[in-house]
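# Fold and contact review
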Amino acid sequence: MKIAGTSQLPFPPEKAYDLMQDPAMLALAIPGCNSLEKTGDNEYKLSLKMALASLSGQFEGKVTLTEPNRPYSFKMLVEGTGKIGFVKGEGVIKLSGLGDGISITSAITATGIEFAGDAQIGGSIATVGQRMIDTTSKMMVKQFFKKLEKLGLGAEGTNPEAGGTAGE
Amino acid sequence: MTTTVTKLEKLVGKRIKRKEDPRLITGTATYVEDVKLPELLHAAILRSPHGAANIKSIDISKAAALPGVVAVYTGADILGVGSVVCAADLPGLRKPVHHILAQDRTYFVGHAVAVVVAKDRYVAADGVDLIEVDWQPTQAVTDPEKALAAGAPAVHPEWPDNTAFIHNQEGGDMAQAFADAEVVVKQRIVSQRLIPNPMETRGVVADWKQADKAMTIWTSTQIPHLARSILAGQLGLDENRVRLIAPEVGGGFGSKLNVYPEEALMGFVSMKLQKPVKWIESRRENFQTTIHGRGHVDYLEIAAKRDGTILGLKLKLIQDLGAYHQLLTPAIPTLSVLMMPGLYKFRNISAQVIGVFTNAVPTDAYRGAGRPEATHGIERMVDMLAAEIGMDPAEIRYKNFAGKDDFPFLTAAGLTYDSGDYAATLDKALEMIDYKGLREQQVQARAEGKLMGIGISTYGELCGFGPSPATPAGGWESATVKVEPSGKVTVMTGCSPHGQGQETSFAQIAADELGVPLDDVIVLHGDTSIVQYGIGTFGSRNTAVGGAALFYALQDIREKAKRFGAKMLGVEDGEVVLADGHCTDSNGNSVTFQQIAGAAYRGIVIPTGSEPGLVATRFWEPSNFAYPYGAHIIVSEVDKETGQIEIKRYLAVDDIGNIINPLLVDGQLHGGVAQGLGQALWEHGVYDDDGQLVSGTFMDYAMPRARMMPWIESAHTITPSPVNPLGAKGVGEAGTIGSTPAMVNSVVDALAPLGVRHIDMPMTAGKIWKLMQDSSIQEKKA
């Protein structure tokens, strides 16, 4: 399944990039994330609760960040397995500086984000319906960037409960 | 004692309501799930989430430790149980050994890996979640054409070309046909994977009694006796100590013409634990692990003269077999070859069938089994040929039909069609629908910019399976008629009806032959301890074969009753007639059938050379298949804005031979048409490239609903089959076979002004809309 889209964050690419490389911030921003522990260079152990239609369950997996090119791009690999199936995804996240949109010489104040990747889903969740998975994944991405925006602006505390459950 | 005998009304031919319905509509029928036994355990099955994977290790410790879990078994435990049986054979056929639980690898999503047995279903399911498998996924392949390509992942490592068999059949002289041809039309036609969904999923209860070395198995099957033979073999049990009961079966459509891993698995579990055990298939499991239907990619070439005379048909058939063979998997596409000439008299065919392994659940018999694919092929090609040479689709059919004087008609595929008058059936259909008027309306509609289509399919079908040499397990059927001392009649049929209504139609036949009220007859089936060996229900055979066996058993009863009657009346054998429930001599003296039954059991007056009792059993095998046929016509309109297809009229004129109960025939046709339109318009079993079944729920697999069905106008011509004494042909699959090409022909006709010449099924609104955008562009460019 292809996943692709765009988003924006109201701060410059350097800040956005650093936020997305910070396990503590990611743990807060990834919907349904219970914990994200660093286990090696650019490798993290992930525990996530996901709900999809009538199915919900815990996923255990890992996240690997590769090909760092601060602040322009990086690659992300996610693998998770749980009682309700497995998820495997791989994608490239590209960041670009945005000005005020009026003057080409204006200072860079925001970040445009472009992501594209492939996800593979198996087990019970794969039978639930591709349309559900498609909309759920889009919603999760939206939630992720919204949360990251709040975190970046300092509007959000570090309450670990704040991640919520994916798909809710 | 001269008596007045009242003439009884014949029941055969009457619309009689089904005797089985009261229990069904009051919810008192017993399905496998309703079987409750003391100390019954419940099983749940861990299934592969991967299309292809190696199993590096399985850890069952957490599952086994869960309170309420009684046992957990994996592939290592079941090696003493026989593998899944494939009864079909072809020269050089490669048969993978499919164990009832996976060994070191899995090759389709849903492949059973382990079974958890627990005190209830929920604990068993929780136990499944606690099994830890170290999977090593490998590359899967699910598209049969991709599986044939060089370098494709091998479904079974020992056969890297993924080819299970290649089957060739030639008839006539194809090279000459193509040399003589003035026009050749070619088309790739896909008959997509379909997922059978009976209202009742599969289910098994197994109950082993060690002291008697006896096994009772309740299973939702169409073939109780064959299933018993196979399961006794798999479990190493004596066949006579295995009792198999098919209780109420909530639909099968071919998907239960099979013996699945779970049946032997439950037998194994019950023997291990010395307790009864139940497994009920969930709907999700049904989608993933019960056989699928169709799965054809056909490359067809039709050779003809410009005047519409068909000279020959060439077929390359790529059959998606799935990952292993279920009971009849490899045989199904060979039926397509047999039916590829349809109703037409051309003499030359050439077919190559390539059976391909894919990482998917096996395909097997699904309502029509091979014949819908064949009919779709020939009926589409005939329409495309007609379009190519500018001939009317009805006219080209008349030109090529086997004539009514050609019967018995030997086809190019080597079958001998029993009887028919194809032109008469099409005449009736064209007249009923006012074909000429419709074509005029269509000209008008097109002028107004409307996309109106008229689609004809004149289908033929082979059924009443069948002569024994043509079937893998005996093509006969059995019947016992047991008359009780009171004259009440019990019929035991080797068929295993599950919705077809033979408890009613067989009672009609028995009541007529014996002159007893309908209510005096009951029909038993589906329990191997009650019913003599039988073959089962499939291939539209119940009436044509099982009904014929019953007819002959009834004749034996009649003969014996007449001898008793003659003795009771004090006249010679042969001086009495048995009619209207009375045995009457030439003086008008008579005894009733019930009095005869009483005397036969009382045992005081016994005709010379006869014996007490009034029971007869017959095993009867037909000398040939029966060949029903018909003409289905669909008038449709395609919405230009949305691509939505509206069926304006559906007309079916079917010739199914003599009709026992028109109400049952209507029901079979309606259901068949619904399943055929399901394939034509909505249903599609889809695997992604990784082997995930992405149409694995009713949200993603478009089952037809009642509101999506058109009104079906139905009529018949009647050409009795000479093959059996009832003159019946078969109707179980006719609707499925006739409807799909009629639907596609109709929509292609509607879109013909846009340059459309073929559409593959399912013709969803989205697909039609996209096609119209393309065509519109072509039209503008032209």
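Residues numbered from 1 in each chain as written. Chains lettered and ligands numbered in written order. Predicted model: local features only at pLDDT ≥ 70, side-chain atom pairs only at ≥ 80, totals over all residues. Heavy atoms only, no water.

Further remarks concern the overall build of chain B. Within chain B, the secondary structure is distributed over 19 helices and 28 strands. In terms of overall size, chain B behaves like a compact globule, its C-alpha atoms giving a radius of gyration of 28 Å where 782 residues would be expected to give roughly 28 Å. Oriented by its inertia axes, the alpha-carbon framework of chain B measures out at about 95 × 75 × 45 Å. Sorting the 782 residues of chain B into buried and exposed places 63% on the buried side. For chain B, contacts bridging at least 24 residues in sequence account for 80% of all contacts bridging at least 6. When the accessible area of chain B is evaluated, it comes to approximately 28,200 Å², of which 53% is carbon and sulfur surface. Distance between charge centroids for chain B: 1 Å, based on 72 positive and 89 negative side chains. (Helix = DSSP H or I, 4+ residues; strand = E, 2+ residues; numbered from the N terminus. Rg over C-alpha atoms; globule rule 2.2 N^0.38 Å. Buried < 20%, exposed > 50% of the residue type's maximum accessible area, 1.4 Å probe, protein only. Contact = heavy atoms within 4.5 Å. Areas by Shrake-Rupley, 256 points an atom, 1.4 Å probe, with all protein chains shown as cover. Lys, Arg positive; Asp, Glu negative; His and termini not counted. Charge placed at Lys NZ, Arg CZ, Asp CG, Glu CD.)

Residue and element names in this part refer to chain B. Of the consecutive residues Phe465 and Gly466, the connecting peptide bond is found in the cis state with omega at -25°. Here Gly466 is to be found in the loop between strand S18 (451–460) and strand S19 (477–483). At the junction of Met761 and Pro762, the peptide bond is cis and its omega measures out at -5° in the coordinates. The topology assignment puts Pro762 in the loop between helix H18 (734–751) and helix H19 (765–781).

As enumerated under the stated definition, the model contains 23 aromatic pairs over all chains in all. Measuring from centroid to centroid gives 4.7 Å for B:Tyr417 and B:Tyr627, while their planes differ by 40°, and the two rings are tilted. Taken together, the residues span a long stretch of sequence, with B:Tyr417 in strand S17 (residues 416–417) and B:Tyr627 in the loop between strand S25 (615–620) and strand S26 (629–638) at a distance of 210 residues. Look at B:Tyr422 and B:Tyr629: their rings are 4.6 Å apart centre to centre, the planes differ by 75°, and that puts the pair in the edge-to-face class. With a gap of 207 residues between them, B:Tyr422 in helix H12 (residues 422–433) and B:Tyr629 in strand S26 connect regions that are remote in the sequence. As far as the burial class goes, B:Tyr422 and B:Tyr629 line up, both buried. Linked through ring pairs, B:Tyr344, B:Tyr398, B:Phe401, B:Phe407, B:Phe409, B:Tyr417, B:Tyr422, B:Phe465, B:Phe625, B:Tyr627 and B:Tyr629 together constitute an aromatic cluster. Geometry around A:Phe11 places A:Lys15 over its ring, the cationic atom sitting 5.1 Å from the centre. Stacked on the ring of B:Tyr299, the Lys or Arg B:Lys316 has its end atom at 6.0 Å from the ring centre. (Phe/Tyr/Trp six-rings, centres within 6.5 Å; stacked < 30°, edge-to-face > 60°. Lys NZ or Arg CZ within 6 Å of the ring centre and 35° of its normal.)

Residues and elements named next belong to chain B. As for its placement among the helices and strands, Asn162 is situated in the loop between helix H4 (144–148) and strand S7 (163–171). The buried category is assigned to Asn162, whose relative accessible area is 0%. At 2.8 Å, the side chain of Asn162 forms a polar contact with the backbone nitrogen of Val155. Apart from residues no more than four positions distant in its own chain, Asn162 is found in contact with Val141, Ala147, Ala152, Pro153, Ala154, Val155, His156, Gly355, Val356 and Phe357. (Polar contact = N/O pair within 3.5 Å; in protein donor to acceptor, adjacent residues only side chain to side chain.)

Residues and elements named next belong to chain B. One can read the domain layout of chain B as domain 1 (21–27 + 476–620), domain 2 (32–138 + 201–249 + 256–289) and domain 3 (293–466 + 624–781). Domain 2 and domain 3 are separated by 37 Å when their C-alpha centres are compared. At the interface, 30 residues of domain 2 touch 25 residues of domain 3. Linking domain 2 with domain 3 are 0 salt bridges. The tally of links from domain 2 across to domain 3 stands at 8 residue pairs in polar contact (both at pLDDT 80 or more). Here the side of domain 2 that touches domain 3 takes 5 residues from helix H8 (residues 283–289), the largest share from any one element. Its residues placed into classes, the side of domain 2 that touches domain 3 shows 20 nonpolar, 6 polar and 4 charged. (Domains from an automatic or database assignment. Salt bridge = Lys/Arg side-chain N within 4 Å of Asp/Glu carboxyl O. Nonpolar A, V, L, I, M, F, W, Y, C, P; charged D, E, K, R; others polar.)

The next subject is the interface of chain A and chain B. Each partner contributes residues to the interface: chain A has 16 residues there, and chain B has 13 residues. Of the roughly 1,200 Å² buried at the junction of chain A and chain B (both faces included), carbon and sulfur atoms supply 53%. If you look at where chain A meets chain B, you find 0 salt bridges. At the junction of chain A and chain B, the tally comes to 0 residue pairs in polar contact (both at pLDDT 80 or more). Every element with two or more residues in the side of chain A that touches chain B is listed here: strand S7 (110–122), helix H3 (124–127) and helix H4 (130–152) of chain A. (Buried area = accessible area lost by both parts, 1.4 Å probe.)

As a further point, take the pairing of strand S6 (residues 85–98) of chain A. Residues and elements named next belong to chain A. Inspection of the sheet shows strand S5 (residues 73–82) paired to S6 by 10 bridges, in the antiparallel sense. Across the sheet, the residue bridging to Met76 is Gly91, located in S6. Here S5 folds back onto S6, and the loop between the two strands holds 2 residues. Both S6 and S7 contribute to a ladder of 13 bridges, which runs antiparallel. When the sheet's bridge partners are listed, Gly89 is paired in S7 with Ala119. (Pairing = 2+ DSSP bridges.)

Moving on: helix H10 (residues 371–389) of chain B. Over its 19 residues, H10(B) extends 27 Å from the first C-alpha to the last, a length consistent with the 27 Å expected when each residue adds 1.5 Å. In the stretch just after H10(B), B:Gly390 is the one whose phi turns positive, near 70°. (Expected span 1.5 Å × (residues − 1).)

All names here are of chain B. One open sheet holds the 4 strands; their spatial order is S18-S26-S27-S28, and the pairing between them is mixed. The open sheet has two free edges, formed respectively by S18 and strand S28 (712–716), since each of these has just one partner strand. Strand-to-strand twist across the sheet, computed as the mean angle between neighbouring axes with direction ignored, equals 15°. Judged from the 10 bridges that link them, S26 and strand S27 (residues 645–655) form a sheet pairing that is antiparallel. Across the sheet, Ile634 pairs through a bridge with Tyr650, a residue of S27. Against the sheet, helix H13 (residues 435–447) engages S18 and S26, with an angle of about 150° to S18. (Axes fitted to C-alpha atoms, helices over the stretch in contact; angles between N-to-C directions.)

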